[in-house]
Amino acid sequence: MKTFMIERYGDKSGVRAGEMPDVQVGADDVLVRIHAASVNPLDLKLRDGAFKAFLPYHLPLVLGNDLAGVVVQVGSAVTRFAVGDEVYARPDKDRIGTFAELIAVHQDDVALKPATLTMEEAASLPLVALTAWQALVERAQVRPGQKVLIHAGAGGLGSIAVQLAKALGAHVAATASTAKVDLVKGLGADVVIDYKTQDFETVLDGYDVVLDTLGGETLAKSLRVLKPGGKAISVAGPPDAAFARELGANPILRLAMSALSFKTRRSAKRRNVTYSFLFMKASGDQLRELTQLIDAGKIRPVVDRVFPFEQTRQALEYLEKGRAKAGKVVVAMT
């Protein structure tokens, strides 16, 4: 089957088209013919080897972390899906590879595609929508009336997180560039901070939750806008020991991750708030929850551009160079 893969880490020009053997379908797997897949910053980090210490993939590695497509085969133990079903999914971290014609995914990680979306729209959602759900629902347990700050509100993750936080009944603030302020307001944000002309730290105060997508100084400032007992959840900050335990990492790696996040955790503790790092997990059940919100019109995908599959490498470069104006970049097989 046709794929886009890497054969070594750290080579920005190393993503190439190539043929791989057809995938094997386990008893609990559904084989999906991929119609579209989205491009995520995670793909760039995997290409560069940023996570190879705790995600030791075998090379060559097919990139791609979410998809929409049609089921063409089911394993003997599959009960939820049938051939012909239109589905979307974020495969488990150990089974990625959606820049391909076919993929086998465990049935627990798959959900029926939202009826209101095209394949390209559906493919843009699984990774970012699951990340938003796991941050705001699972970890922060956002309740109506709470104040939530979403950084990069026009981005792939931010655009979905803003809508989800509003659906949960939160008062939502978001940061965005001048050109994207109206877009983020249209997604439902109550307050939009133009980071080019305003410092969110001087404008916002007393927030219950911050979802940080940028790390660095943005994360440090985010701790200062939280009220006592508030939670900073980051997908871009330093990993912590809890994340290492989730991975089943060895004691040395756990210690290393704890050291990486020590300064941030200490700063959070001094302010009586908490910091945690989030690396999202695959979940078909959570996708089904999100599908209800999507089909009810409470969450809509934001797609910046669709590339043909043959231009997957260009799609990655487009994302890496920051050319996307808002939302997600998608590659389509047809």
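As the structure is a computational prediction, the values presented were derived from the model and not from experiment.

Right, let's talk about the pattern of salt bridges for a bit. Counting across every chain of the model gives 17 salt bridges. Among the ionic pairs, Arg16 bridges to Glu7, the shortest N-O distance being 2.8 Å. Taking relative accessible area as the criterion, Arg16 reaches 34% and is therefore assigned partly exposed. Looking at Glu7, the relative accessible area reads 42%, which means it is partly exposed. With a closest N to O distance of 3.5 Å, Asp94 and Lys93 form a salt bridge. Take Lys93: its relative accessible area is 24%, and that puts it in the partly exposed class. Among the charged side chains, a salt-bridge network with shared partners connects Arg47, Asp48 and Glu320.

Our focus in this paragraph is the pairing of strand S15 (residues 303-308). The side chains of a regular strand alternate, residue by residue, between the two faces of the sheet. Bridge analysis of S15 against strand S16 (residues 328-332) gives five bridges, and the strand direction is parallel. Following the sheet pairing, Val303 is matched in S16 by Lys328.

Another point: a positive patch on the surface. On the surface, a cluster of positive charge is contributed by Arg305, Lys321, Arg323 and Lys325. Considering the arrangement of structural elements, one finds Lys325 in the loop between helix H12 (312-320) and S16.

What follows covers the sheet that holds strand S11 (residues 191-194). Across the sheet, which stays open at both edges, the six strands sit in the order S11-S10-S9-S12-S13-S14 with parallel pairing between neighbours. Lying at the two open borders of the sheet, with one neighbouring strand each, are S11 and strand S14 (274-277). Taken over all neighbouring pairs, the strand axes of this sheet differ in orientation by 15° on average, direction set aside.

To continue, consider the layout of surface pockets. Here the largest pocket defines a volume of roughly 1000 Å³. If you go around the largest pocket, you meet 40 residues; those closest to its centre are Pro41, Gly155, Gly156, Leu157 and Thr213. For the lining of the largest pocket, the secondary structure elements donating two or more residues are helix H1 (41-48), helix H3 (126-139), helix H4 (156-167), strand S10 (171-176), H12 and S16. No other element matches the four residues that H1 contributes to the lining of the largest pocket. Classifying every residue of the lining of the largest pocket gives 23 nonpolar, 11 polar and six charged. Lining the second largest pocket are 22 residues, and of these Val62, Asp94, Arg95, Ile96 and Gly97 sit closest to its centre. Broken down by secondary-structure element, the contributors of at least two residues to the lining of the second largest pocket are strand S4 (61-62) and strand S7 (102-106). With three residues, S7 is the single largest residue contributor to the lining of the second largest pocket. For the lining of the second largest pocket, a count of residues per class yields 16 nonpolar, three polar and three charged.

Take the environment of Asn65 next. Considering the arrangement of structural elements, one finds Asn65 in the loop between S4 and strand S5 (67-74). Judged by its relative accessible area of 1%, Asn65 is buried. Not counting chain neighbours up to four residues away, the residues in contact with Asn65 comprise Asn40, Leu42, Asp43, Leu46, Ala89, Arg90, Pro91, Ile96, Thr98 and Leu127. Engagement of the side chain of Asn65 in a polar contact is seen with the side chain of Asp43, the distance being 2.7 Å. Polar contacts involving the side chain of Asn65 include one to the side chain of Arg90, which spans 2.9 Å.

Moving on, we get to the sheet that holds strand S1 (residues 2-6). With respect to topology, three strands assemble into an open sheet ordered S2-S1-S4, the strand pairing being antiparallel. Taken across any chain shown, the strands that pair with only one partner, and hence form the sheet edges, are strand S2 (16-19) and S4. Of the pairings in the sheet, the one linking S1 to S2 comprises four bridges and is antiparallel in character. Each residue of the ladder has a partner; that of Thr3, found in S2, is Gly18.

This brings us to the pairing of S16. Burial analysis of S16 places five of its five residues in the buried class, the great majority of the element. Burial along S16 is two-sided: Lys328, Val330 and Ala332 facing one way and Val329 and Val331 facing the other are all buried. Sheet topology note: the strand S3 (residues 29-39)/S16 ladder contains four bridges and is antiparallel. By the bridge assignment, Val39 is partnered in S16 with Val329.

Before going further, it helps to examine helix H11 (residues 284-295). In an α-helix, one turn spans 3.6 residues, which is why side chains three or four residues apart end up on the same side. Given a rise of 1.5 Å per residue, 12 residues ought to cover 16 Å, and the 16 Å separating the end C-alpha atoms of H11 matches this to within 8%. Restricting attention to buried positions, one finds in H11 the residues Gly284, Gln286, Leu287, Leu290, Thr291, Leu293 and Ile294. The arc that holds the buried residues of H11, viewed along the axis, is 165°, so those residues lie on one side. On the buried face of H11, the contacting elements are strand S6 (86-89), strand S8 (110-112), H3 and H4.

Here we come to helix H7 (residues 216-225). Within H7 the residues assigned to the buried category are Thr218, Leu219, Ser222, Leu223 and Val225. Looking straight down H7, one finds that the buried residues subtend no more than 160° of arc, so they occupy a single side. Residues Gly216 and Glu217 are exposed on H7 and point more than 90 degrees away from its buried face.

Parameters at a glance
Residues numbered from 1 in each chain as written. Predicted model: local features only at pLDDT ≥ 70, side-chain atom pairs only at ≥ 80, totals over all residues. Heavy atoms only, no water. Salt bridge = Lys/Arg side-chain N within 4 Å of Asp/Glu carboxyl O. Buried < 20%, exposed > 50% of the residue type's maximum accessible area, 1.4 Å probe, protein only. Pairing = 2+ DSSP bridges. Helix = DSSP H or I, 4+ residues; strand = E, 2+ residues; numbered from the N terminus. Patch = residues over 30% accessible without salt bridge, like charges linked within 9 Å, V, L, I, M, F, W, Y side chains within 5 Å. Areas by Shrake-Rupley, 256 points an atom, 1.4 Å probe, with all protein chains shown as cover. Lys, Arg positive; Asp, Glu negative; His and termini not counted. Charge placed at Lys NZ, Arg CZ, Asp CG, Glu CD. Axes fitted to C-alpha atoms, helices over the stretch in contact; angles between N-to-C directions. 1 Å grid on protein atoms, 1.4 Å probe; cavity = no way out; pocket = protein on both sides within 12 Å on 5 of 7 lines; lining within 4 Å. Points joined across faces, edges and corners; volume = space filled by probe spheres on them. Nonpolar A, V, L, I, M, F, W, Y, C, P; charged D, E, K, R; others polar. Contact = heavy atoms within 4.5 Å. Polar contact = N/O pair within 3.5 Å; in protein donor to acceptor, adjacent residues only side chain to side chain. Expected span 1.5 Å × (residues − 1). Arc of directions from axis to C-beta.

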